[in-house]
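Results of the structural survey
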Amino acid sequence: MTQTKNKQLPALFLQNVIKQFDKITAVNDISFSAYKGEIIALLGPNGAGKSTLMNMIAGYLSPTSGTISVNNHDVASDDLITKKDIGFLPEGAPMYADMTVKLFLEYIIELKLKTPDDCNLPVKEFYKKELERIMDTAHINEVAEQKIETLSKGYLRRVGFAQSIIGNPPILLLDEPTDGLDPNQKEHMRKLIAEMGKDKTIVISTHLLDEAETIATRIILINKGTVAADGTLKEILTSAKKKTLEEAFKLLTQTGEN
C-alpha cells in the first residue's frame, strides 16, 4: 500500500468497514487512509461496492461494523462536524427539478454556509460571491436561468459538482464525476480535479480505466466489496505483473466486464 511521505494525520481513515444489506455484503472489511494532496480513484466493476463506500464516508449510510473518521472525527458520532469538511457528488445527485440552476444553488449555499467571523461582506454579498465562484468553476453560467428539469445529463453532473464545492471543503467525494459529459467537458473536469487535488483530499469512484490513469495519484481497486489492490498505477502493474491497467483490472476482478 502506498504510504504518505510525511507525518500528517489522514484526512480519511477507514478501519475494517463492513456494510451488509440483509444477506448481501456490499462492502467487506475495507481499510485505508487518505491524505491531503491525494487523488484516489476507487476503481472497480459495476456493483463492486464503490458507491456504497462513498455514501458511508459521506455519512449518508451507516456501516454495519467498522470505523470511519474524517479529519480525526468519527463519522458515526460527529456527523455534523464531518459533513462540513466533505463535498459530496453522489450518483444521481438529487435536485429540485422545477428550480432554475441559479435558484437551486443559491438555496443550497444558504443551507450549507455560515458567514465566516472574519468576513467583512454583507451576508447577501458573501453568498453572491460564492455563487459566482462555484458557477465559474463548474462552467455552468450559460444555464443559470434554465430549469433543472430541462438540463442534459452532462449539465446535471456539472450542477451537482458545483454544489459539492460550496464552501471549498477540504475533502471531495465524487461518484462518477464525468458521467454524461462530452469529451471536452470530461477534459475540463479532469483538469479541474487534478488542480484541486493539490490542496485537497479527493476520492473519485469510477469504472473508467482512463479516468483512473489520467488523474489519480493512487488507485484502490475494489472487487466484490473488498480491496483487490491499492497503490500507484506503477505499483499495481508491477504487483499484477501486467503491462496495462486493463490487463491488471481483468486479472484482479476476474471478469472482462467493466
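Everything below is about the structure shown above.
As the structure is a computational prediction, the values presented were derived from the model and not from experiment.

Focus: helix α8 (residues 233–240)
Burial in α8 covers these residues: Ile236, Leu237 and Ala240. Burial along α8 is one-sided: seen end-on, the buried residues are contained in an arc of 95°. Set apart from the buried face of α8 by more than 90 degrees, the exposed residues are Lys234, Thr238 and Ser239. Of the surrounding elements, those touching the buried residues of α8 are β9 (218–223), β10 (226–231) and α9 (245–253). A positive backbone phi angle near 60° is found at Lys241, which sits one or two residues after α8.

A word on a nonpolar patch on the surface
There is a patch of nonpolar side chains on the surface, built from Tyr96, Tyr107 and Leu111 and spanning about 310 Å² of accessible area. With respect to the helices, strands and loops of the structure, Tyr96 is situated in the loop between β6 (86–89) and α3 (101–112). Given the relative accessible area of 42%, Tyr96 is considered partly exposed.

Details of the nonpolar core
General note: in soluble globular proteins, nonpolar side chains tend to be found buried as a group. Ranked by size, the top nonpolar core spans 51 residues in total, and within it Leu105, Ile140 and Phe161 carry the most contacts. Sorting elements by how many residues they give to this core places helix α4 (residues 123–138) first, with six residues. Once residues within four sequence positions are removed from consideration, Leu105 is found in contact with Leu131, Ile134, Met135, Ile140, Val159, Ala162, Gln163 and Ile166. Core analysis: the second largest hydrophobic core is formed by 26 residues, Ala11, Met56, Leu173 and Val203 among them.

Focus on the pattern of salt bridges
Throughout the structure, instances matching the rule amount to nine salt bridges. Arg190 serves as the salt-bridge partner of Glu211, at 3.0 Å between the closest nitrogen and oxygen. Within this pair, whereas Glu211 is found in helix α7 (residues 209–215), its partner Arg190 is found in helix α6 (residues 183–196), the two being separated by 21 residues in sequence. In terms of burial, Glu211 and Arg190 fall into one category: buried. Each of Glu38, Arg218 and Asp230 takes part in salt bridges that share partners, so that together they form one network.

Considerations on the pairing of strand β4 (residues 65–70)
Alignment of strand β1 (residues 12–21) against β4, held across five bridges, turns out to be antiparallel. Bridging from a neighbouring strand, Gln15 pairs with Thr67 of β4. As defined by bridge partners, β4 adjoins strand β5 (residues 73–74) across two bridges and the pair is classed as antiparallel. Within β5, the residue paired with Val70 across the bridge is His73. The turn linking β4 back onto β5 is made up of two residues, and Asn71 within it adopts a positive phi angle of 50°.

Section: the packing of α8 against α9
At a minimum axis separation of 10 Å, α8 and α9 run at an interaxial angle of 55°. Considering the angle they form, α8 stands oblique to α9. Our pair here, α8 against α9, has a crossing hand that is left-handed. Together, Leu233, Ile236, Leu237 and Ala240 of α8 and Leu245, Ala248, Leu251 and Leu252 of α9 make up the contact between the two elements. For the contact of α8 with α9, the class distribution of residues is eight nonpolar, no polar and no charged.

Concerning the sheet that holds β1
Reading across from one edge, β2-β1-β4-β5 is the order of the four strands in this open sheet, with antiparallel pairing throughout. The open sheet has two free edges, formed respectively by β2 (24–34) and β5, since each of these has just one partner strand.

Some remarks on the packing of aromatic side chains
How two aromatic rings sit relative to each other is set out by the distance from centre to centre and by the angle between their planes. On inspection of all chains with the given rule, the structure shows four aromatic pairs. Taken together, a centroid distance of 5.9 Å and an interplanar angle of 45° make the contact between Phe126 and Tyr127 tilted. Considered together, Phe126 and Tyr127 belong to a single accessibility category, that of buried residues. An aromatic cluster is built from Tyr96, Phe104 and Tyr107, whose rings are joined through pairwise contacts. Lying across the ring of Tyr60, Lys83 places its NZ or CZ 4.7 Å from the centre.

Scoring rules and cut-offs
Residues numbered from 1 in each chain as written. Predicted model: local features only at pLDDT ≥ 70, side-chain atom pairs only at ≥ 80, totals over all residues. Heavy atoms only, no water. Buried < 20%, exposed > 50% of the residue type's maximum accessible area, 1.4 Å probe, protein only. Helix = DSSP H or I, 4+ residues; strand = E, 2+ residues; numbered from the N terminus. Arc of directions from axis to C-beta. Contact = heavy atoms within 4.5 Å. Patch = residues over 30% accessible without salt bridge, like charges linked within 9 Å, V, L, I, M, F, W, Y side chains within 5 Å. Areas by Shrake-Rupley, 256 points an atom, 1.4 Å probe, with all protein chains shown as cover. Salt bridge = Lys/Arg side-chain N within 4 Å of Asp/Glu carboxyl O. Core = buried A, V, L, I, M, F, W, Y, C linked by side-chain atoms within 4.5 Å. Pairing = 2+ DSSP bridges. Axes fitted to C-alpha atoms, helices over the stretch in contact; angles between N-to-C directions. Parallel < 35°, antiparallel > 145°, perpendicular 65-115°, else oblique. Left-handed = near helix turned anticlockwise from the far one by under 90°. Nonpolar A, V, L, I, M, F, W, Y, C, P; charged D, E, K, R; others polar. Phe/Tyr/Trp six-rings, centres within 6.5 Å; stacked < 30°, edge-to-face > 60°. Lys NZ or Arg CZ within 6 Å of the ring centre and 35° of its normal.

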